[in-house]
Protein chains: 2
Amino acid sequence: MSEHEAPHPALALDETTHQRVRLAILAVLAEATECTFAALRDQLELTDGNLSRHLRVLEEAGLVELRKTFAERRPRTYLRLTRAGRAALRAQLDAMEQLVHRLRDRTDD
Amino acid sequence: MSEHEAPHPALALDETTHQRVRLAILAVLAEATECTFAALRDQLELTDGNLSRHLRVLEEAGLVELRKTFAERRPRTYLRLTRAGRAALRAQLDAMEQLVHRLRDRTDD
């Protein structure tokens, strides 16, 4: 492997969107216009703390936006992908697809 | 989202093989019969410590095997995928491909 070789496509994966929980959050939100914190937590089998931690990373990256409101006088948080979030997920899917195509025939016995 | 919904395919991703550095290690090793620690470290732009930490996870999972030898009286470590490692990478690629197909048309503007 000479040092002039292009960086491996696996290195192009972005940790913000590739990390397993964050990728699952982006995936669920891509399939819903909007989703409550509780529904997302339950569907992804996460704790409140774990989901909040990953949502903060996605929010700070501008990929997810939160809308806080009240339902029957109880606070309720709605989440949705931003336009940048949808574009970042598209880039993540492209990078994964590239890796699959490159490696597909390398995993036969 | 009803609670009877099947778990999201993103949840099927295995952290051992999905984690970004470990996926890159498996990818590079899938494309080489064998590879030295130094070549892998340089190609993936990692530190010795970071590469060792991830290799330990892959080795304990039985996905990578190390061969220690000497070249010009200097220790040299060779790495290769095990059969289980190749199968685990194939499963990882399948899971990524499933996610790409499921989400592809959900990321258009």
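Residues numbered from 1 in each chain as written. Chains lettered and ligands numbered in written order. Predicted model: local features only at pLDDT ≥ 70, side-chain atom pairs only at ≥ 80, totals over all residues. Heavy atoms only, no water.

As annotated in an unreviewed UniProt entry, chain A carries the name Winged helix DNA-binding domain-containing protein and comes from Amycolatopsis arida.

**Looking at the relation of the copies chain A and chain B**
What counts is decided by this rule: Only residues with pLDDT of at least 70 in both copies contribute their C-alpha atoms to the least-squares superposition of the copies. Note on definitions: a residue-residue contact is assigned when non-hydrogen atoms from the two residues lie within 4.5 Å.
Screw-axis analysis of chain A against chain B gives a translation of 0.0 Å along the axis, an RMSD of 0.0 Å, and a rotation angle of 180°. On this basis, the relationship between the two copies can be described by a two-fold rotation axis. When the interface residues of chain A are mapped onto chain B, 100% of them are again interface residues, pointing to one common binding face.

**Re the interface of chain A and chain B**
Worth spelling out the cut-off: Buried area: the accessible area, evaluated with a 1.4 Å probe, that two parts lose upon being put together, summed over both parts. For this document, the term salt bridge refers to a Lys or Arg side-chain nitrogen within 4 Å of an Asp or Glu carboxyl oxygen. What qualifies as a polar contact is a pair of N or O atoms within 3.5 Å, subject to a donor-acceptor requirement within protein and to the restriction that residues adjacent in sequence count only when both atoms come from side chains.
Residue-level contacts link 39 residues of chain A with 39 residues of chain B. Summing both sides of the interface, chain A and chain B together bury roughly 4,100 Å²; the carbon and sulfur share of this comes to 59%. At the boundary of chain A and chain B, one finds 8 salt bridges. Close ionic contact of B:R102 with A:E31 constitutes a salt bridge, the shortest N to O distance being 2.6 Å. Connecting chain A to chain B are 12 residue pairs in polar contact (both at pLDDT 80 or more).

**Thoughts on the nonpolar core**
In globular proteins that are soluble, nonpolar side chains generally tend to be buried together. Keep this limit in mind: Here the nonpolar core consists of buried residues drawn from Ala, Val, Leu, Ile, Met, Phe, Trp, Tyr and Cys, with membership extended through side-chain atoms lying within 4.5 Å. Relative accessibility thresholds used throughout: buried, under 20% of the residue-type maximum; exposed, over 50%; partly exposed, between the two (1.4 Å probe, protein chains only).
By size, the foremost hydrophobic cluster in this structure holds 62 residues, and its most contacted members are A:I25, A:L40, B:I25 and B:L40. Setting aside its immediate chain neighbours within four residues, B:I25 contacts B:L40, B:L44, B:L51, B:H54, B:L55 and B:L58.

**Points about the UniProt feature "domain: HTH arsR-type" (unreviewed entry) in chain A**
Under the convention used in this document: UniProt positions are given in the numbering used here, feature names are shortened, and annotations may be inferred rather than shown by experiment. To qualify as a helix, a DSSP run of H or I must reach at least 4 residues; to qualify as a strand, a run of E must reach at least 2; elements of each kind are numbered from the N terminus.
Residues annotated in UniProt with the feature "domain: HTH arsR-type" (unreviewed entry) correspond here to residues 20–95 of chain A. Between the C-alpha atoms that bound residues 20–95 of chain A there is a distance of 15 Å. The span itself is 58% helix and 24% strand.

**Quick word on helix α5 (residues 83–103) of chain B**
The test is simple: Expected helix span is given by 1.5 Å per residue-to-residue step, counting one fewer step than there are residues.
Along its 21 residues, α5(B) runs 31 Å from first to last C-alpha, staying within 8% of the 30 Å computed at 1.5 Å per residue. Those residues of α5(B) that sit buried are B:G85, B:R86, B:A88, B:L89, B:Q92, B:L93, B:A95, B:M96, B:L99, B:V100 and B:L103. Close packing links the buried residues of α5(B) with α2 (20–30) and α5 (83–103) of chain A together with α1 (15–18), α2 (20–30) and β3 (74–81) of chain B.

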